[in-house]
Each structure stands twice: as C-alpha cells, then as structure tokens.
Amino acid sequence: MLSAMSEKPALLFVCLGNICRSPLAEGAMRAAAQKAGLEIETDSCGTAAYHVGNPPDPRSIETAARYGTDISDLRGRQLSDDDFTRFTHIFAMDHENLRNILKRAPHDTSAQICLLMDVVEGREGNAIADPYYGGDEGFEASWADVSAAAKALVAQLS
Ligand code: 4NP
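I will try to describe carefully the structure that is included in this document.

Reading guide: rules and limits
- Residues numbered from 1 in each chain as written.
- Predicted model: local features only at pLDDT ≥ 70, side-chain atom pairs only at ≥ 80, totals over all residues.
- Heavy atoms only, no water.
- Helix = DSSP H or I, 4+ residues; strand = E, 2+ residues; numbered from the N terminus.
- Rg over C-alpha atoms; globule rule 2.2 N^0.38 Å.
- Buried < 20%, exposed > 50% of the residue type's maximum accessible area, 1.4 Å probe, protein only.
- Contact = heavy atoms within 4.5 Å.
- Pairing = 2+ DSSP bridges.
- Axes fitted to C-alpha atoms, helices over the stretch in contact; angles between N-to-C directions.
- Core = buried A, V, L, I, M, F, W, Y, C linked by side-chain atoms within 4.5 Å.
- Parallel < 35°, antiparallel > 145°, perpendicular 65-115°, else oblique.
- Left-handed = near helix turned anticlockwise from the far one by under 90°.
- Nonpolar A, V, L, I, M, F, W, Y, C, P; charged D, E, K, R; others polar.

### Quick notes on the overall build of the protein chain
Here is step 1 of the chain: Per the secondary structure count, the protein chain includes five helices and four strands.
Here is step 2 of the chain: N-terminal to C-terminal, the α/β element order of the protein chain is β-α-β-α-α-β-α-β-α.
Here is step 3 of the chain: Computed over C-alpha atoms, the radius of gyration of the protein chain comes to 14 Å, within 12% of the 15 Å expected from 2.2 N^0.38 for 158 residues, which places it in the range of a compact globule.
Here is step 4 of the chain: With respect to the three principal axes, the spread of C-alpha positions in the protein chain is 40 × 35 × 30 Å.
Here is step 5 of the chain: Residues counted as buried form 48% of the 158 residues belonging to the protein chain.
Here is step 6 of the chain: Across the protein chain, contacts joining residues at least 24 apart in sequence account for 72% of those joining residues at least 6 apart.

See the structure below:
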C-alpha cells in the first residue's frame, strides 16, 4: 500500500536494461491511468546502460500491442541521481534492481522505493522474472504482472 500524497504522483519503473519489463510496466500504467482519468507522470529506466537510446525489445512491443498499448515510442535510458527527487515513487521489477537502486540512492532522496509487486495484495515481495533470455511466454507473464500492478496502483492513487 502506498503512503498518502499531496503532490501529483510521478511513477518511475526500473528494470535492468529498460527494454523488456519496465517499458511494459510504463505502458500498462499509462493505459490504466488514462482509462481511469487519473493524472500522473510515468517513466521507465534501467539500472544498466546497455540499451540507452534503444526502443523496447520487439517482443515487449508486440505483447503490449496485443493488449492495445503502443510502447514503440519509448527509448532506453539509465537511472540518474535526479530521478530520486523528480519521482514520488520508484518501482523495481526484481530484487537485484531494488538492491542496485537503494545502493545508489542520494542522501536527498524523496521518492518511495519498493518492488513493483509490493503494491499487489498477496504478491508482496515477488519479483517480475526477467523474460529477456526466454521465450514469448515470459513476456506474456511480465505483461500479466505489470497489468496487475497498474490496476492496484490506479486503485490506490484514485
Ligand atoms: P529488462 O531485460 O531488464 O527487463 O529490460 C533485460 C534486457 C537486456 C538485458 C538483460 C535483461 N541484457 O543483458 O542486455
């Protein structure tokens, strides 16, 4: 459950490469917020710089498109110091991402930082598995996870 907020929510979704899971999370959240008429800011990034400037993995683009969400405009970027004060919430896709985010958090960090699945009742502490090296079913599973989280976030932020 998120803490109460007075400012406009600004949500940052973070994975390793910013081409598979976090663009899916950003897409699912953008779509869910738009549908609910909820005004928020969203972005995604990676803890690593492997795919800076690149579009999402074609399998992520295809999966989101199948559910009516276009994420082909997104481009990879790496997590930066500014993110810790620009965003009200930073959501990590897995435990390694969370460790790396917390390790590099500046002293003036104001964002609340947790695993994305912590916002879903009954899924607290769960990771979203990295689908990069697997088959299409991994992307389908990632979409199901980020969609459940987006639905929970809309309910908690509305
Ligand atoms: P993501 O998946 O963190 O969900 O974007 C990955 C993308 C790329 C790599 C690893 C994971 N890579 O090693 O290039």
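### Overview of the sheet that holds strand S1 (residues 10–15)
Here is step 1 of the chain: As summarised here, the arrangement of the four strands in space is S2-S1-S3-S4, forming an open sheet in which the pairing is parallel. Edge positions in the open sheet fall to strand S2 (41–46) and strand S4 (112–115), since each of these has one partner strand only. Here the average twist between neighbouring strands, direction ignored, is 20°.
Here is step 2 of the chain: In the sheet, S1 pairs with S2 via six bridges, with the strands oriented parallel.

### A short note on the nonpolar core
Here is step 1 of the chain: Judged by nonpolar contacts, the single largest core of 31 residues is most densely connected at Phe 13, Phe 91, Leu 116 and Leu 153.
Here is step 2 of the chain: Mapped by element, the contributors of at least two residues to this core are S1, helix H1 (21–36) and helix H5 (136–157).
Here is step 3 of the chain: For this core, the element with the highest residue contribution is H5, accounting for eight residues.
Here is step 4 of the chain: Residues contacting Leu 153, with those up to four places away along its chain left out, are Leu 2, Leu 11, Phe 13, Met 29, Phe 91, Leu 116 and Val 119.
Here is step 5 of the chain: Leu 79, Phe 87, Leu 98 and Ile 101 belong to the second largest nonpolar core, which has 13 residues in total.

### Thoughts on the packing of H1 against H5
Here is step 1 of the chain: One can describe the packing of H1 onto H5 by two numbers: an axis separation of 8 Å at closest approach and a directional angle of 40°. The angle between H1 and H5 falls in the class oblique. When the axes of H1 and H5 are compared, the crossing they make is right-handed. Facing Arg 21, Leu 24, Ala 25, Ala 28, Met 29, Ala 32, Ala 33 and Ala 36 of H1, the residues of H5 in contact are Phe 139, Ser 142, Trp 143, Val 146, Ser 147, Ala 150, Leu 153 and Val 154.
Here is step 2 of the chain: A per-class count over the contact of H1 with H5 returns 13 nonpolar, two polar and one charged.

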